[in-house]
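# Report on the structure
One letter stands for each residue in the lines below.
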Amino acid sequence: MHGRSAIWFPLALLALLAALTFWIDRTVQPPQPRRDGTLRHDPDYTVKNFVMTKSDQDGNPLHALAAVSMVHFPDDDSTELVRPRFTQFSELKPTIQIQAQRGLVSSNGDNVYFMDNVKAVRAATANKGELTILTEYLHIIPDQEIALTDRPVSILQAPHTVVTATGMVLNKKLRTVKLLQHVRVHYERPGVVSDAPATTAPVTKKPKAATQKVSPRKPQTQTTKTVAGKSQGRIRRHYETPTYH
């Protein structure tokens, strides 16, 4: 019995070492790529001219997303949009509408990205005019009602305010707009008349007409001699213009 145990013990040890080596090898080696196509960035469906609306628990619309074309990718659950149009509704706040040439929606719609000729318009209120934002890239977080960009942006506030900057964070819940850098503002306060005197053309007073009568001088007559073969002499009259003092 002692001899058999002496033989099986090294065999068991060798088997344990072989299993440990196999486990280490499988752990170190990268996983083999799947051949079913799920890891490729290929679309699984396309929708044309769609409108998607999200509502709250009471059925009131929160925001709507429309586009000319939508392409979905299953590997990361993202959606690419062609000419997207996003509208955010609020009962006590002005409506915001955003449109662009291209768009991207992340998984579950947590983030929406607008690219190329982005235009965002906030409707006018009783106290403020319409607000327009122009940029080339805009990141929307719908549930937080936040819009932000790190690109150059122009903000047009009706009637005459123009703001340019690089980088912006718009928070609709707080009704704030934060500009990050290179900010320039042209502001005209509505209804304010400039204090500078109006410029008018100088008025030139006409000289008063002379009251005394001035008798014009008699015309001087100059007679030319008659020349043979020609008509009678011509009479040249020269009237001197009276001078007023």
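Let me sum up the structure you'll find in this document. The model shown is predicted, which means the values in this text are computed figures rather than measured ones.

Within the chain, the secondary structure is distributed over 1 helix and 13 strands. In the chain, the succession of helices and strands from N to C terminus is α-β-β-β-β-β-β-β-β-β-β-β-β-β. Looking at the chain residue by residue over its 245 residues, the buried ones come to 23%. In the chain, of all internal contacts separated by at least 6 residues, the share reaching a separation of at least 24 is 35%. Here the chain displays about 19600 Å² of accessible surface, and carbon together with sulfur accounts for 56% of that area.

Time to look at the environment of Ala-64. Relative to the elements of secondary structure, Ala-64 occurs in strand S2 (residues 61-73). Accessibility expressed as a relative area gives 13% for Ala-64, which makes it buried. The spatial distance from the C-alpha of Ala-64 to the C-alpha of Gln-88 is 6.6 Å, given a sequence separation of 24 residues. Look past the residues within four positions of Ala-64 in its chain and what remains in contact with it is Met-52, Thr-53, Arg-85, Phe-86, Thr-87 and Phe-89.

Summed over the entire model, instances satisfying the criterion amount to 2 aromatic pairs. Seen from their ring centres, Tyr-113 and Tyr-137 are 6.4 Å apart, and the 25 degrees between their planes marks the pair as stacked. Separated by 24 residues along the polypeptide, Tyr-113 in strand S7 (residues 112-122) and Tyr-137 in strand S8 (residues 131-141) bring together distant segments of the chain. Its relative accessible area of 18% is what places Tyr-137 among the buried residues. It is Arg-151 that lies over the ring of Tyr-137; its NZ or CZ is 4.7 Å from the centre.

Turning our eyes to something else, we now look at a nonpolar patch on the surface. Residues Leu-134, Leu-156 and Val-162 make up a contiguous nonpolar surface patch of roughly 190 Å² in combined accessible area. Leu-156 gets classed as partly exposed once you look at its relative accessible area, which sits at 33%.

In terms of burial, S8 is largely enclosed, as 9 of its 11 residues are buried. Taken together, the 9 bridges between S7 and S8 define a ladder with antiparallel strand orientation. Bridge pairing in S8 links Val-112 to Ile-140. With antiparallel pairing between neighbouring strands as the criterion, S8 and strand S9 (residues 146-157) make up a hairpin whose turn holds 4 residues, including Glu-145 at a positive phi of roughly 55 degrees.

Below, the discussion takes up the pattern of salt bridges. One pass over the structure, following the stated rule, counts 3 salt bridges. The residue Arg-102 makes a salt bridge to Asp-116 at a minimum N-O spacing of 2.9 Å. Taken as a pair, Arg-102 in strand S6 (residues 102-105) and Asp-116 in strand S7 lie far apart in primary sequence, 14 residues in all. Taking relative accessible area as the criterion, Arg-102 reaches 41% and is therefore assigned partly exposed.

Here we take up the side chain of Ser-78. With respect to the helices, strands and loops of the structure, Ser-78 is situated in strand S3 (residues 78-82). Residue Ser-78 is classed as buried on the basis of its relative accessible area of 7%. There is a polar contact of 2.8 Å between the side chain of Ser-78 and the side chain of Asp-76. With residues up to four places along the chain from it excluded, the contact list for Ser-78 reads His-41, Val-71, His-72, Phe-73, Leu-104 and Val-105.

Cut-offs applied
- Residues numbered from 1 in each chain as written.
- Predicted model: local features only at pLDDT ≥ 70, side-chain atom pairs only at ≥ 80, totals over all residues.
- Heavy atoms only, no water.
- Helix = DSSP H or I, 4+ residues; strand = E, 2+ residues; numbered from the N terminus.
- Buried < 20%, exposed > 50% of the residue type's maximum accessible area, 1.4 Å probe, protein only.
- Contact = heavy atoms within 4.5 Å.
- Areas by Shrake-Rupley, 256 points an atom, 1.4 Å probe, with all protein chains shown as cover.
- Phe/Tyr/Trp six-rings, centres within 6.5 Å; stacked < 30°, edge-to-face > 60°.
- Lys NZ or Arg CZ within 6 Å of the ring centre and 35° of its normal.
- Patch = residues over 30% accessible without salt bridge, like charges linked within 9 Å, V, L, I, M, F, W, Y side chains within 5 Å.
- Salt bridge = Lys/Arg side-chain N within 4 Å of Asp/Glu carboxyl O.
- Pairing = 2+ DSSP bridges.
- Polar contact = N/O pair within 3.5 Å; in protein donor to acceptor, adjacent residues only side chain to side chain.

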